[in-house]
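# Structural characterization, general
One letter stands for each residue in the lines below.
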Amino acid sequence: PLTGLASMAHLRGRLTELYRGDARGSALRDRYALVVVEASAPRFTGLADEVFGLDLRMSRIGESARSVFSGGETICRIGPRRIVVLAARNEGLARRTTLLRSLLEIGERGLGGVRIWSESLPLVPEQASSLLDELSRDQAF
């Protein structure tokens, strides 16, 4: 809640709408992608960091994602250290992902950095749900 990002339930609902509205499931993976941003494991330096540090950091990462993906994309925090953007797969996706990486490299340099990658949407809604479950698991790097 502190980050101002959409919830996992909202992202699941948005994906359900997309799958329901698409008679040809394979077309969704050609039209949309999940851009995943994962922050490195936090290095706590005190009680304030333990309580608020990660939420504030994820809020900053979310703001950067919002500034790059500002066209109505769904931006969601799906785990303690991951944010997912449901974005249109078009000619600008690679450019916007690169811009987000550049923005975050500057801000995250002293905090261990971030990883960014894209996931294709699965062919069927049940697999999309499983993908979100997998992405929401915290896997420290």
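Here, residues in each chain are numbered from 1, in the same order as that chain's written sequence. The model is predicted, so local features are restricted to residues of pLDDT at least 70 and side-chain atom pairs to those at 80 or more, both for listing and for counting; the totals for chains, interfaces and linings are taken over all residues. Side-chain metrics in this entry use all non-hydrogen atoms of the structure; hydrogen atoms and water are not considered.

### Topic: the packing of helix H1 (residues 8-21) against helix H5 (residues 125-136)
Following both chains from N to C, one finds H1 and H5 inclined at 155°, their axes separated by 10 Å at the closest point. Classified by the angle their axes make, H1 and H5 are roughly antiparallel. Along this stretch, H1 crosses H5, giving a crossing that reads as right-handed. Across the interface between the two elements, Met 8, Leu 11, Arg 12, Leu 15 and Tyr 19 of H1 pack against Pro 125, Ala 128, Ser 129, Leu 132, Asp 133 and Ser 136 of H5. For this scheme, ten residues count as nonpolar: Ala, Val, Leu, Ile, Met, Phe, Trp, Tyr, Cys and Pro. Four count as charged, namely Asp, Glu, Lys and Arg, and the remainder, Gly too, count as polar. Tallied by class, residues from the contact of H1 with H5 come to seven nonpolar, two polar and two charged. Lines fitted to C-alpha atoms define the axes here, with helix axes fitted over just the stretch in contact, and angles between the N-to-C directions of these axes take values from 0 to 180 degrees. Helix numbers and strand numbers start at the N terminus; a helix is a DSSP run of H or I with at least 4 residues, a strand a run of E with at least 2. An angle counts as roughly parallel when it lies under 35 degrees, as roughly antiparallel when it exceeds 145, as roughly perpendicular when it falls between 65 and 115, and as oblique in every other case. Less than a right angle of anticlockwise turn of the near helix away from the far helix marks a crossing as left-handed, whereas a clockwise turn marks it as right-handed. Here, two residues are considered to be in contact whenever any of their heavy atoms come within 4.5 Å of each other.

### Details of the sheet that holds strand S2 (residues 74-77)
Hydrogen bonds between backbone atoms are what pair the strands of a sheet, whose relative direction is either parallel or antiparallel. Ordered by their spatial adjacency, four strands build an open sheet running S2-S3-S1-S4, and the pairing between neighbours is antiparallel. Because the sheet does not close on itself, it has two edges, and the strands there are S2 and strand S4 (114-120). For this sheet the average axis-to-axis angle between neighbouring strands, irrespective of direction, equals 20°. Two strands form a pair only when DSSP identifies at least two bridges running between them. As paired elements, S2 and strand S3 (residues 82-88) share four bridges and run antiparallel to each other. Each bridged residue has a counterpart across the sheet, and for Cys 76 the counterpart in S3 is Val 84. Here H1 sits on the sheet and contacts strand S1 (32-39), S2 and S3; the angle it forms with S2, its principal contact strand, is near 140°.

### With respect to the nonpolar core
Core analysis: the biggest nonpolar cluster contains 19 residues, and Val 37, Ile 61, Phe 69, Ile 75, Ile 83, Val 85 and Leu 100 have the highest contact counts within it. Sorting the residues of this core by element identifies S1, helix H3 (47-68), S3 and helix H4 (93-108) as the ones contributing at least two each. Of the residues forming this core, the biggest block, five residues, is contributed by H3. Look past the residues within four positions of Leu 100 in its chain and what remains in contact with it is Val 37, Ser 64, Ala 65, Val 68, Phe 69 and Ile 116. We call a set of buried Ala, Val, Leu, Ile, Met, Phe, Trp, Tyr and Cys residues a nonpolar core when their side-chain atoms join them within 4.5 Å. Three labels apply to residues, based on accessible area from a 1.4 Å probe with only protein chains included: buried if under 20% of the type maximum, exposed if over 50%, partly exposed otherwise in between.

### Some remarks on the pairing of S1
With eight of eight residues buried, S1 is to be regarded as a mostly interior element. Residues Tyr 32, Leu 34, Val 36 and Glu 38 line one face of S1 and the alternating positions Ala 33, Val 35, Val 37 and Ala 39 line the opposite face, and both faces are buried. Relative to S3, S1 is paired through seven bridges, and the arrangement is antiparallel. Looking across to S3, one finds that Val 37 is bridged to Ile 83. Here S1 pairs with S4 via seven bridges, running antiparallel. Looking at S4, one finds that Val 35 is bridged to Ser 118.

### Here we look at the pattern of salt bridges
Two side chains with opposite charge may pair up if their charged atoms get near one another. Basic side-chain nitrogens of Lys or Arg form a salt bridge, by our definition, when they fall within 4 Å of a carboxyl oxygen of Asp or Glu. One pass over the structure, following the stated rule, counts eight salt bridges. Ionic pairing is found between Arg 12 and Asp 133, a salt bridge with its closest N-O pair at 2.3 Å. Of this pair, Arg 12 sits in helix H1 while Asp 133 sits in helix H5, placing them 121 residues apart in sequence. For Arg 12, a relative accessible area of 25% gives the class partly exposed. For Asp 133, a relative accessible area of 31% translates into the label partly exposed. Residue Arg 115 pairs with Glu 38 through a salt bridge whose shortest N-O separation is 3.0 Å. Of this pair, Arg 115 sits in strand S4 while Glu 38 sits in strand S1, placing them 77 residues apart in sequence. Salt bridges sharing common partners tie together Glu 38, Arg 81, Arg 82 and Arg 115.

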